[in-house]
Amino acid sequence: WLKSGIMKTILIATDFSPASHNASLYGVEFAKAINAKIILFNAFTVPNPPPSINLSVSRYDIMMQTDKILLDEANLLDPGRTLIEIVCDEGGTTDAIISIANEKKVDFIVVGMKGAGKSLKKIFGSTATALAKNTSIPLIIVPEKAKFKKLDIMVFANDAAVLDKGIPKFITEITQIFKSKLYVVRVIKNKKGFKLNTPHLLQQTDEATTFEYSVDADISYALNTFIEMNKADMLVMIPHKHLWLKRLFTKSDTKDMIFHTHVPLLILSKNILSNSYSRDSKNKQKKITA
């Protein structure tokens, strides 16, 4: 899919904050790396003045002002304007992003994350959290100070349901594009009754993939430690029914530690996982039939 000749599209959602601008810079470089075009998007709302103030706000004026700011941002990010299309629309941020992303059939959504170094539950932001829960489109969340780097090392954090089925083709295609080293990491509470089925998984992988597990009750602390030790450039997650996502972004009761991430997070929905396995199964069936 990613390696096909079809031009990809990335939606960068911005609120014109420093964190959003940083995410936009990251998104532009990511787009260049995968040969994608960009939609720079902002969702605006028309304020309702108090009844005591005899003032009306024009939706058209707000839209034109937003369009002007988007244009300035696009010219700054892409002076030649060869990559970026600007779009703005009225509505709630999350709903508007998902709506335009579906309408334009984008391949990735990129958003910024504020306040690196604070509790992830706070810095992740309501918009990013809502997008992670409600969109089936791959979502890249960029910390405020993260800079684009070639994805030399990626960490795929997974639960048992993902690990038992293997690595989705979507992830292996990304690693092939960037020639990345992939660590497939599973965090478990204890070793009792645990068996890492690497022989089965290694049949479909190559020498650039390593399977690891960490024993820790605090998932976020274990992942953070692994990312820092291995100097990872991106963390990939597929939340299972959102329970795992909630557990990851909640402070542990057993350790007074919080997850400080300085690398972008790529969040994939279960739909991506299902479609990836579905395509693999169909391809294998075609080979068997042939």
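Our subject is the structure listed above.
Remember, predicted model here, so these are calculated numbers, not experimental data.

J.: Honestly, the environment of Gly112 in this entry has me stumped. Any pointers?
T.: Considering the arrangement of structural elements, one finds Gly112 in strand β4 (residues 108-113). Spatially, the C-alpha atoms of Gly112 and Ile12 are 9.0 Å apart, while their sequence positions differ by 100 residues. Contact partners of Gly112, with chain neighbours within four places excluded, come to Ala19, Ala23 and Val142.

J.: Quick question: what am I supposed to make of the side chain of Thr66 here?
T.: Of note, Thr66 is situated in helix α2 (residues 59-77). In this structure, Thr66 is in contact with Phe16, Asn42, Phe44 and Cys88, ignoring residues within four places of it in sequence.

J.: Sorry if this is basic, but what is going on with the packing of aromatic side chains here?
T.: The description of an aromatic ring pair uses the distance of the two centres, along with the angle that the planes make with each other. The tally for this structure, following the rule as stated, stands at 5 aromatic pairs. Aromatic side chains Phe30 and Phe108 sit 5.3 Å apart centroid to centroid with 80 degrees between the ring planes, which places their arrangement in the edge-to-face category. In this pair, Phe30 is assigned in helix α1 (residues 18-33) and Phe108 in strand β4, connecting sequence segments 78 residues apart. Note on accessibility: Phe30 and Phe108 belong to one class, buried. Ring centres 5.3 Å apart and planes at 80 degrees place the aromatic pair Tyr183 and Phe226 in the edge-to-face group. Of this pair, Tyr183 sits in strand β7 (residues 181-188) while Phe226 sits in helix α9 (residues 219-230); the two residues are 43 residues apart in sequence, bridging distant segments of the chain. Ring pairing ties together the aromatic residues Phe30, Phe108, Phe170 and Phe178, which thus form one cluster.

J.: Where do I start with the sheet that holds strand β8 (residues 209-215) in this structure?
T.: Hydrogen bonding along the main chain pairs the strands of a sheet, whether they run parallel or antiparallel. Read from one edge to the other, the open sheet built from 10 strands follows the order β3-β2-β1-β4-β5-β10-β9-β6-β7-β8, with strand pairing classed as mixed. Because the sheet does not close on itself, it has two edges, and the strands there are β3 (84-90) and β8. The mean angle between the axes of side-by-side strands here comes to 25 degrees, regardless of whether they run parallel or antiparallel. Bridge analysis of strand β6 (residues 153-157) against strand β9 (residues 234-237) gives 4 bridges, and the strand direction is parallel. Of the residues in β9, the one forming a bridge with Val155 is Leu235.

J.: Just checking my understanding: could you explain helix α3 (residues 93-104) for this structure?
T.: Residue pairs three or four apart in sequence face the same way in an α-helix, which turns once every 3.6 residues. Helix length check: α3, at 12 residues, gives a terminal C-alpha distance of 16 Å against a target of 16 Å (1.5 Å per residue), a fit within 8%. Looking at α3, one finds that the buried residues are Thr94, Ala96, Ile97, Ile98, Ile100 and Ala101. In the segment just after α3, Lys105 is the residue with positive phi, at about 55 degrees.

Definitions and limits used
- Residues numbered from 1 in each chain as written.
- Predicted model: local features only at pLDDT ≥ 70, side-chain atom pairs only at ≥ 80, totals over all residues.
- Heavy atoms only, no water.
- Helix = DSSP H or I, 4+ residues; strand = E, 2+ residues; numbered from the N terminus.
- Contact = heavy atoms within 4.5 Å.
- Phe/Tyr/Trp six-rings, centres within 6.5 Å; stacked < 30°, edge-to-face > 60°.
- Buried < 20%, exposed > 50% of the residue type's maximum accessible area, 1.4 Å probe, protein only.
- Pairing = 2+ DSSP bridges.
- Axes fitted to C-alpha atoms, helices over the stretch in contact; angles between N-to-C directions.
- Expected span 1.5 Å × (residues − 1).

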